[in-house]
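Given next are the chains, with one letter for each unit.
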Amino acid sequence: MDPTAVRAQCTTLLEEVSRAVIVDDEVLRTILAGFQAGGHVLLEDAPGTGKTLTARCFATALGLSYSRIQFTPDLLPSDVTGTHVYKEADGDFEFQPGPVFANVVLADEINRASPKTQAALLEAMEEGQVTVDGETHLLPEPFFVIATQNPVEQEGTFPLPEAQKDRFVVKTSLGFPGMEGELELIDRRASRTKQAPSVEPVCDGDDVRRLRTAPEAVHVEDDVRRYIATLTRATRTDDRVDGGVSPRGTQRLFEAARAVAVGDGREYVTPEDVKFVAAPVLAHRLVLTADARVDSVEKADVVADITEETQVPTVNYTAPASATAPNRAD
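Residues numbered from 1 in each chain as written. Predicted model: local features only at pLDDT ≥ 70, side-chain atom pairs only at ≥ 80, totals over all residues. Heavy atoms only, no water.

**What about helix α11 (residues 247-263)?**
This is how it is decided: Helix numbering and strand numbering both begin at the N terminus, where a helix is a DSSP run of H or I of at least 4 residues and a strand a DSSP run of E of at least 2. For a helix, the expected span equals 1.5 Å multiplied by the residue count minus one. When a residue's accessible area, from a 1.4 Å probe over protein chains only, is under 20% of the maximum for its type it is buried; when over 50% it is exposed; and in between it is partly exposed.
Taking 1.5 Å per residue, 17 residues should reach 24 Å; α11 reaches 25 Å between its end C-alpha atoms and fits that length. Counting buried positions over the 17 residues of α11 gives 13, a clear majority of the element. A positive backbone phi angle near 80° is found at G265, which sits one or two residues after α11.

**A word on the pattern of salt bridges**
Threshold: Between Lys or Arg on one side and Asp or Glu on the other, a salt bridge is scored when a side-chain nitrogen of the former is within 4 Å of a carboxyl oxygen of the latter.
According to the stated counting rule, one finds 18 salt bridges in the structure shown. In this structure, D305 and R240 form a salt bridge, with 2.8 Å as the shortest nitrogen-oxygen distance. Here D305, found in helix α14 (residues 299-309), pairs with R240, found in the loop between α10 (222-234) and β10 (241-243); they are 65 residues apart in sequence, far enough to count as distant. Residue K275 pairs with E272 through a salt bridge whose shortest N-O separation is 3.8 Å. One end of the pair, K275, and the other, E272, are both in helix α12 (residues 271-282), three residues apart, so they sit about a helical turn from each other. If you follow the salt bridges from partner to partner, you end up with R29, D264, R266 and D273 in one network.

**Focus: the environment of V303**
Within the fold, V303 resides in helix α14. In sequence terms V303 and M125 are 178 residues apart; their C-alpha atoms lie 25 Å from each other.

**Thoughts on the side chain of Q9**
We count it as follows: N or O atoms closer than or at 3.5 Å make up a polar contact, with two conditions inside protein: a donor-capable atom paired with an acceptor-capable one, and, for residues adjacent in sequence, both atoms drawn from side chains. Contact criterion: two residues are considered in contact whenever any of their non-hydrogen atoms come within 4.5 Å of each other.
Here Q9 shows up in helix α1 (residues 3-18). For Q9, a relative accessible area of 14% puts it in the buried group. A polar atom in the side chain of Q9 sits 3.1 Å from the backbone oxygen of V202. Each residue touching Q9, except ones within four places of it in the same chain, is listed here: V202, C203, D207 and L211.

**Considerations on the pairing of strand β1 (residues 41-44)**
Put simply, the test is: Paired strands, in this sense, are two strands between which DSSP finds at least two bridges.
Two elements, β1 and strand β8 (residues 144-149), share four bridges in a ladder whose sense is parallel. Of the residues in β8, the one forming a bridge with E44 is Q149. Where β1 and strand β9 (residues 170-172) come together, three bridges link them in parallel fashion. Each residue of the ladder has a partner; that of L43, found in β9, is T172.

**Regarding the nonpolar core**
Cut-off, in case you're wondering: Definition of nonpolar core: a set of buried residues of the types Ala, Val, Leu, Ile, Met, Phe, Trp, Tyr and Cys, connected through side-chain atoms within 4.5 Å.
Counting 66 residues, the largest nonpolar core has L13, I31, F58, L62, L253, V269 and V274 as its most contacted members. L253 has contacts with I228, L231, T232, V274, V277, A278, V281 and L282, leaving out every residue within four places of it along the chain. A102, A113, L121 and L160 belong to the second largest nonpolar core, which has 22 residues in total.

**Let's talk about the sheet that holds β1**
For clarity, the threshold we go by: Geometry is summarised by axes, namely lines fitted to C-alpha atoms with helices restricted to the contacting stretch, and by angles between N-to-C directions that run from 0 to 180 degrees.
The strand order across the open sheet formed by five strands is β2-β5-β8-β1-β9, and the pairing between neighbours is parallel. Either end of the sheet is taken by a strand with one partner, and the two such strands are β2 (66-70) and β9. Across this sheet, the average inter-strand angle for adjacent strands is 15°, counted without regard to direction. Two strands pair when backbone bridges link them, and β2 and strand β5 (residues 104-108) are joined in this way by five bridges, in the parallel orientation. By the bridge assignment, I69 is partnered in β5 with A107. Each of β1, β8 and β9 touches helix α2 (residues 25-36); the most contacted strand, β9, lies at about 160° to it.

**Structural notes on the confidence of the model for the chain**
Worth spelling out the cut-off: Residue-level confidence of the predictor, termed pLDDT, takes values from 0 up to 100.
Here the chain averages 88 in pLDDT, while 94% of its residues score no lower than 70. Here residues 320-330 scores under 50 on pLDDT; set against residues more than four positions off or in separate chains, the count is 18 contacts.

**Regarding the environment of V302**
With respect to the helices and strands, V302 occurs in helix α14. Note: C-alpha distance between V302 and V312 (ten residues apart in sequence) is 17 Å. Leaving out residues up to four positions away in the same chain, V302 has contacts with D238, R240, V241, L286, L288 and V297.

**Some remarks on unusual backbone geometry**
Residue P142 is reached from E141 by a cis peptide bond, and omega for that bond is 0°. Looking at where P142 falls in the secondary structure, it is placed in the loop between β7 (135-138) and β8. The residue E109 is not glycine, and still its phi comes out positive at about 55°. Mapping E109 onto the fold places it in the loop between β5 and α5 (115-118). A relative accessible area of 18% means that E109 is categorised as buried. Unusually for a residue other than glycine, S296 sits at a positive phi of about 60°. Accessibility expressed as a relative area gives 55% for S296, which makes it exposed.

The structure is reproduced here in structure tokens:
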């Protein structure tokens, strides 16, 4: 792994996406970390904040195929995965792939569909395949889902079950831009004739494979590994939490931290990398107690408190002999 080259590719990708969307840099880094960690991303925002545009721009900049599925109450599982269609000429049934067969799939307003249809994505997200009428069909590689949902207080929504939320590596929010960002949106619209902005591909197949495989070579010291496990285990004993982070969540925090490290051009993870993705990775996995919900406790605040209270290790990283990065203490 060449950390400098990977960092340069990440920077180029994020800059290209930023040409089209007005979003905080940390949010874009979090989404990219979800992609590099080999997982999926959940965006929760009000309509009109740029969720669909962000997903499309990431797919285009990565040079990958893109598909959008608009989730509605009457959407069926077969509308997502595909179905067998009778071919009169052959006298046989032929599988017609659904929109889930793309590299980057936008599951738009996923919480507006019924739980049965939401579950149609479970196998796809976890196994990279779908099973229809007893036949298993592999999905394209890479396979990356960006799902969006409306805030829970909006009408006509079906809350995602815990099993499905746990499939997302990170959950984040684009939020509303500040005044300067809002003015920049107007300026950008005034300077073009099309309503929606566009980006150009900045990655090819080799680049995408490098982005996805590079985190696997990132070193994580034992003390940092223990720090990760301590954070997740603390969620299970917090008085405000009824259901803490699962062991799968511990693994996802480990994977996301490695992705952040490689995006910064390093071959090792620091505690700051873990802190950066702690809330996006852990918060949506928590189940708060009834008292905490009555008191309007925010899940992200629980994670922030746990992170603040947990002792941060001092890591002295010594690069392996083959590494090009200099020794560094964090």
